[in-house]
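# Geometric and topological summary
Next come the chains, spelled out residue by residue.
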Amino acid sequence: MASVDKNINPLKNKISKELRSKANDFLNNKAKANNLLDIIQYLEKGLKEKQSLTPALLTLEVVFIELLRRRDLLHEKDVNVEENPSEAETKYRNWLTERYEETWCLMLSAIDCEKPQESAQALVSCMKLMAAEGKHPLNTLESLKFPRLRLRRILEKLISAQRPQTAAIQSFKEYAEYLDVVQNCWHTLPNLVKKPAFKKETLALNYLELIHSLPVTENLQEQNKLLCPLAESAPGSELFDYTSTRKCINKVWNNLMVWLDTEVPENVHKQMLIVLLERILTHLEKPVMLTDFLMDSLDCGGAVSLLALQGVFTLIQKHNITYPNIYEKLYSMFEPEIFHTKFKARLFYLADIFLSSTHLPENLVAAFVKRLARLSLIAPPQDAIIILYFIGNLILRHSGLKSLICAQQPQEVAEDPFIMEEREPTKSNAIKSSLWEVVALQKHAIPSVATAARFIAQPLPNKEWDLSTVLEVKEDDIFDQEITKKSKQYALAFERPQTVFLPKNDKFQQHWCLV
């Protein structure tokens, strides 16, 4: 691979130099117009034969930005009458405009390139040309406005149904700090996709990822950055309007809810919840309409349920919405599968908040304590430590649960009255049980887990443990700490060996000799 790369880079550099030379000759001499055709043909050939596109994309980007700055692409009706352009000059301008539109189509096609770097570069080149056109519009007789049609064509490529556009959308995020880009994107999104097309999983994921790349925050409005600064002072220019943008955000979400089918794939459902929590929720006009969607999502299990739980918590906390049986839903989420999900730390964090009230019934909290204790027996080391500290905090909040702390004899374990399969926590008989699981963990092979489990054999502290620090601990960190502790307990050999692999005065040397 190293030898191949060495051969590719010099070839790419040679091609880049040739294309730049052709571009310089063209910009300095109108007689070299065929050079522009050569560069465009190179890009077209690269698309057909799946060759490197970056040299041609960068060269055409520089060429047309310079032509836009010079006003060489102005339409015939935009040319000042006093200039009295010749027929040849008019044909040349029209020819340049045609080549500009041809280049735009080729760059848009390059966004669909399979190579992530090529796709990202095509997106950046399109955005830079759009910004240049916004500053130096083709039609000066009209009031300067953001080139929304160009942006729409870019967005249509980003939500391709053929392949994921992760690389291109990541590059597009760099332009999400501009107010005019964000506002025009939100104004375009409601009419960008129809319901039948959204049923294609790839398109749906691209669409949701694109939404996730468009933040609307107070910091964004304070920065007041525009991709096309000239439009800010021009007559009829479009400044950021949060009211109209919020209406578009609500329309986008309403469309998503209408398009949502009962058989929606889990990854699409999960991405919808991520977009809702991180982009949409704070801008919704009627968040109460999310009740059915979130409650149905809580029954899906896995990461979908965890994300829905966070949405429920937000509505309870900020919108004073009451959800029935929320503790039963939370109780059912603590399953062995939780240890293999990406958002398990979020579940412990939210559960800690939901169970923070000291006015909860003790039999309800006891059910959570027993369920967590039972799961700690099969949990990975880092999750077992989190669970043990969480159990300790729950006992500190509810002093009546101290009755669960008692040493159990082996024959009494089989008589545990706790019903693990019971879905309703108050009927699990947890208050009549004990924490024999924590006692068993005191003999865990990992010392840090055993140490955490010994809290029930010692006087309880006056304040709760800080779970935020424990949630950040990873499994590799635990093993690294144990290896570091053990390595300090053993000394290295202090006698210089005289023979191969045998210590000094070894009995083997007294009877045998190594040749």
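Higher on the page you've got the structure.
Residues numbered from 1 in each chain as written. Predicted model: local features only at pLDDT ≥ 70, side-chain atom pairs only at ≥ 80, totals over all residues. Heavy atoms only, no water.

## Section: the overall build of the protein
As a reminder of what qualifies: To qualify as a helix, a DSSP run of H or I must reach at least 4 residues; to qualify as a strand, a run of E must reach at least 2; elements of each kind are numbered from the N terminus. Only protein chains enter the accessibility calculation, which uses a 1.4 Å probe; a residue is then buried when its area is under 20% of its type maximum, exposed when over 50%, and partly exposed in between. Should any heavy atoms of two residues lie within 4.5 Å, those residues are counted as being in contact.
From N to C terminus, the protein includes 26 helices and zero strands. In the protein, buried positions account for 47% of the 515 residues. Within the protein, contacts between residues separated by at least 24 positions form 75% of all contacts whose residues are at least 6 apart in sequence.

## Comments concerning the pattern of salt bridges
Keep this limit in mind: Salt bridge, as applied in this entry: a Lys or Arg side-chain nitrogen positioned within 4 Å of an Asp or Glu carboxyl oxygen.
Here the structure, examined in full by the defined rule, presents 28 salt bridges. The residue R99 makes a salt bridge to E98 at a minimum N-O spacing of 3.8 Å. Given the relative accessible area of 48%, E98 is considered partly exposed. K370 serves as the salt-bridge partner of E437, at 2.7 Å between the closest nitrogen and oxygen. In this pair, E437 sits in helix α22 (residues 436-441) while K370 sits in helix α19 (residues 362-376), placing the two residues 67 residues apart along the sequence. The exposure classification of E437 matches that of K370, with both residues buried. In the salt-bridge network here, residues are joined through shared partners; they are K370, R374, D416 and E437.

## A short note on the environment of W465
The topology assignment puts W465 in the loop between α23 (447-453) and α24 (467-471). Separated by 75 residues in sequence, W465 and F390 place their C-alpha atoms 7.8 Å apart.

## Describing the packing of helix α17 (residues 326-333) against helix α18 (residues 344-354)
When two helices pack together, their arrangement is captured by the angle between the axes and the distance separating the axes. For clarity, the threshold we go by: Interaxial angles span 0 to 180 degrees and are taken between N-to-C directions of axes, which are lines fitted to C-alpha atoms, for helices over the stretch in contact. Note: crossing handedness is left-handed where the near helix turns anticlockwise from the far helix by less than a right angle, and right-handed where it turns clockwise. Ten residue types, Ala, Val, Leu, Ile, Met, Phe, Trp, Tyr, Cys and Pro, are classed as nonpolar, four, Asp, Glu, Lys and Arg, as charged, and the remainder, Gly among them, as polar.
Between α17 and α18, whose axes approach to 11 Å, the crossing angle comes to 145°. Between α17 and α18 lies a crossing whose hand is left-handed. Judged by residue contacts, I326, Y327, L330 and M333 of α17 engage L347, A351 and F354 from α18. Each residue belonging to the contact of α17 with α18 can be placed in one class, and the counts come to seven nonpolar, no polar and no charged.

## Topic: the packing of aromatic side chains
Quick note on the threshold: Stacked, edge-to-face and tilted labels apply to pairs of Phe, Tyr and Trp rings (six-membered ring for Trp) whose centres lie within 6.5 Å, assigned for plane angles under 30 degrees, over 60, and everything in between, in that order. Charges are assigned to positions over rings by a cutoff of 6 Å between ring centre and Lys NZ or Arg CZ, combined with an angular limit of 35 degrees from the ring normal.
On inspection of all chains with the given rule, the structure shows nine aromatic pairs. Aromatic side chains Y92 and W95 sit 6.3 Å apart centroid to centroid with 25° between the ring planes, which places their arrangement in the stacked category. Placement of the pair is Y92 and W95 together in helix α4 (residues 87-110), with a separation of three residues, close to one helical turn. For Y92, a relative accessible area of 16% gives the class buried. Here the aromatic rings of Y327 and F354 are separated by 6.3 Å at their centres, their planes lie at 80°, and the arrangement is edge-to-face. With Y327 in helix α17 and F354 in helix α18, the pair connects residues that are 27 residues apart, well separated along the chain. Put simply, the rings of Y331, F334, F348 and F368 touch in pairs and so form one group of aromatic residues. Over the face of the ring belonging to Y331 we find R371, whose NZ or CZ atom lies 4.7 Å from the ring centre.

## So, the side chain of H212
Mapped onto the fold, H212 is located in helix α10 (residues 201-212). On the accessibility criterion, H212 (17% relative accessible area) is buried. Beyond its immediate stretch of four places on either side in the chain, H212 contacts Q271, I274, V275, E278 and R279.

## Details of the environment of L273
The topology assignment puts L273 in helix α14 (residues 266-280). Relative accessible area serves as the criterion here: at 0%, L273 is assigned to the buried category. With 32 residues separating them in the primary sequence, L273 and S305 have C-alpha atoms 9.6 Å apart. Ignoring sequence-local partners within four residues, the contact set of L273 consists of F293, L294, S297, V304, L307 and A308.

## Looking at helix α8 (residues 179-188)
Extensive coverage of α8 is indicated by the burial of nine of its 10 residues. Among the residues of α8, those classed as buried are L179, D180, V181, V182, Q183, N184, C185, W186 and T188.

Just geometry here; none of it tells us what the structure is for.
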